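Here's the letter readout for the chains.
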Amino acid sequence: MPGFSFLCLIRGGLNWEFILNLVHALHVTKVNILGRMIGKSDKIHHAHDHGAAVADVVGHANARKIRKVVGIGCVVNAILMAMKMATGYFGHSDALVADGFHSLNDFAADLIMLGFVGISFRGPDNRYSYGYGKFETFSTFLMSSFLMIVSLMIGYEGIGSLADYARGEQLEQPNIWTVIVVLFAMATKEGLYHFYSAAGKKVGSKALVANAWHHRSDALASVATLIGVSFSQLFGPAFRVLDPIASILIAAFILVAACRMLAPAFCELMERSLPEADRKKARECVENTPGVESIAHLRSRRNGHYKVFDIAVRVSPDVSVKNGADIALAVEESLTDQFGPYILPTVSVIPSKDK
């Protein structure tokens, strides 16, 4: 079948859609170890420790429940992936094979959460003072690049089948099992949506709820596969062309998702500043802190799922070192209240110029 060469090419390990859920999936397991960064004795730079310690407590409280949900989802996605690929190959459906690689996205992302997320959340050391959050970002960039390549290859196979059809070649008819497997997969994905959504609401994880909607979007994306295989099966040779058309549509869906994930990963690797809305909120928090006369500088960036702020504030030259440390701590606490525990602020205090 036309999709066989592509299936053989990437069967050996092109886990192309590690990235599709990566931002959602890695955010689910926010078990932060970064609270060990800085001792509380240094209050001027105490911001890292306070926010990270809070995140550590919050993350560990729900980590076991979240891992259980993700583990179940991983097993289900593995079964769906194997069913789609095997049935699509032996049932002569390019669209179902492509949909099987689409299911690989969820399976690979779940494996990352269960197996590799520990690297991203590893605490800081002498070599990486801000931890290993960029591992997540780099993985996103790398795997989204693979995803783009594979989506183009899926599309190429579909276009090849269309070209064969245009030359008068008769396409193979998908068998009835392909329709049954697609319907089963859609029902299973809808079930995963309700399972993830309920669990996310129970543990208070917005990321888990967001991942639930991704499962529902997978079910909706399978509609193209259903149309392709069912029309090819039920309405004769003239409609078999819908199967490769469906595989091209799925490839386009994957390509768009890859581009949307690649862009923010690239910006984060380039140390792009946080959005203006976040910077504005941070400035308001700092300026409203008692004892702060003005802001010398406010720099921001993202490190994995953390928002990092490097801030210098001006205070009265008459302020003692201890009072200056208290002002820095107050700025940190204000930022943590505004942005939550997943924030790494560094606050420096400098004397303002004499009037």
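Computed from a predicted model, the values in this text were never measured in an experiment. (Residues numbered from 1 in each chain as written. Predicted model: local features only at pLDDT ≥ 70, side-chain atom pairs only at ≥ 80, totals over all residues. Heavy atoms only, no water.)

Let us now look at the packing of aromatic side chains. Scanning all chains against the criterion turns up 4 aromatic pairs. Between the aromatic rings of Phe195 and Tyr196, the centroid separation amounts to 6.2 Å while the plane-to-plane angle is 80°, which identifies the pairing as edge-to-face. For Tyr196, a relative accessible area of 0% gives the class buried. (Phe/Tyr/Trp six-rings, centres within 6.5 Å; stacked < 30°, edge-to-face > 60°. Buried < 20%, exposed > 50% of the residue type's maximum accessible area, 1.4 Å probe, protein only.)

Next up on the list: the environment of Tyr156. Here Tyr156 shows up in helix α5 (residues 133-166). For Tyr156, a relative accessible area of 62% corresponds to the exposed category. Each C-alpha atom of the pair Tyr156 and Ile248 lies 8.0 Å from the other, and the pair is 92 residues apart in sequence. (Helix = DSSP H or I, 4+ residues; strand = E, 2+ residues; numbered from the N terminus.)

Below, the discussion takes up the environment of Ala325. Among the structural elements, Ala325 can be located in helix α10 (residues 321-339). Taking the C-alpha atoms as reference, Ala325 lies 7.7 Å from Val349; in sequence the two are 24 residues apart.

Bringing the pattern of salt bridges into the picture now. Counted under the stated rule, the structure contains 8 salt bridges. Taking the shortest distance from any N to any O, the salt bridge between Arg301 and Glu271 comes out at 3.6 Å. Placement of Arg301 in strand β1 (residues 294-303) and of Glu271 in the loop between α8 (242-269) and α9 (276-287) is noted, with a sequence separation of 30 residues between them. Here Glu271 falls in the partly exposed class, since its relative accessible area comes to 38%. (Salt bridge = Lys/Arg side-chain N within 4 Å of Asp/Glu carboxyl O.)

Turning our eyes to something else, we now look at α5. Its 34 residues give α5 an end-to-end C-alpha distance of 50 Å, which sits within 8% of 50 Å, the value for a rise of 1.5 Å per residue. Directly beyond the C-terminal end of α5, a positive phi value near 95° is found at Gly168. (Expected span 1.5 Å × (residues − 1).)

Among the nonpolar cores identified, the biggest contains 18 residues, and Val286, Phe309, Ile311, Val313 and Leu335 are the most heavily contacted of them. In terms of residue count, the dominant contributor to this core is α10 (5 residues). Not counting the four nearest positions on each side in its chain, Val313 is found in contact with Val286, Val292, Ser294, Ala296, Val347, Ser348, Val349 and Ile350. Core analysis: the next-biggest nonpolar cluster, separate from the first, contains 8 residues, Ala98, Val150, Ile154 and Ala258 among them. (Core = buried A, V, L, I, M, F, W, Y, C linked by side-chain atoms within 4.5 Å. Contact = heavy atoms within 4.5 Å.)

This part is about the packing of α5 against α8. Where α5 contacts α8, the two axes come as close as 8 Å, and the packing angle between them is 160°. On the basis of their axis angle, the class for α5 and α8 is roughly antiparallel. In this structure, the crossing between α5 and α8 has a hand that is left-handed. Looking at the contact of α5 with α8 residue by residue, the classes come out as 21 nonpolar, 9 polar and 2 charged. (Axes fitted to C-alpha atoms, helices over the stretch in contact; angles between N-to-C directions. Parallel < 35°, antiparallel > 145°, perpendicular 65-115°, else oblique. Left-handed = near helix turned anticlockwise from the far one by under 90°. Nonpolar A, V, L, I, M, F, W, Y, C, P; charged D, E, K, R; others polar.)

Overall, the prediction assigns the chain a mean pLDDT of 75, with 75% of residues at 70 or greater. Highest mean pLDDT in the chain belongs to α9 (95); lowest belongs to helix α2 (residues 22-28) (36). The model gives residues 1-61 a pLDDT under 50, and that stretch makes 167 contacts with residues more than four places away or in other chains. (pLDDT = per-residue confidence, 0-100.)

Read across the sheet, 3 strands follow the order β1-β2-β3 without closing on themselves; strand pairing throughout is mixed. On the outer flanks of this sheet lie β1 and β3 (343-351), each paired with one strand and no other. Strand-to-strand twist across the sheet, computed as the mean angle between neighbouring axes with direction ignored, equals 10°. Bridge analysis of β1 against strand β2 (residues 306-315) gives 9 bridges, and the strand direction is antiparallel. Counted as the bridge partner of Arg302 is Lys307 from β2. (Pairing = 2+ DSSP bridges.)

Between its first and last C-alpha atoms α9 spans 16 Å; for 12 residues at 1.5 Å apiece the expected length is 16 Å, and the two agree. Turning to α9, the residues buried within the fold contact β1, β2 and α10.

Another aspect to go through is a nonpolar patch on the surface. Among the surface-exposed residues, Ile176, Trp177, Ile180, Leu220, Val223, Ile227, Phe231, Leu234, Phe235 and Phe239 lie close enough to one another that they form a single nonpolar patch of about 960 Å² accessible area. Mapped onto the nonpolar patch, the elements with two or more residues apiece are α6 (176-203) and α7 (206-234). In terms of residues, the nonpolar patch owes the most to one element, α7, which gives 5 residues. Positionally, Phe239 belongs in the loop between α7 and α8. (Patch = residues over 30% accessible without salt bridge, like charges linked within 9 Å, V, L, I, M, F, W, Y side chains within 5 Å. Areas by Shrake-Rupley, 256 points an atom, 1.4 Å probe, with all protein chains shown as cover.)

With 8 of 10 residues buried, β2 is to be regarded as a mostly interior element. What sits between the antiparallel neighbours β1 and β2 is a turn of 2 residues, in which Gly304 has the positive phi angle 65°. Judged from the 9 bridges that link them, β2 and β3 form a sheet pairing that is parallel. Bridge pairing in β3 places Lys307 opposite Ile343. The parallel pair β2 and β3, bridged by α10, forms a crossover whose chirality is right-handed. (Right-handed = clockwise from strand over helix to strand, strands pointing away.)

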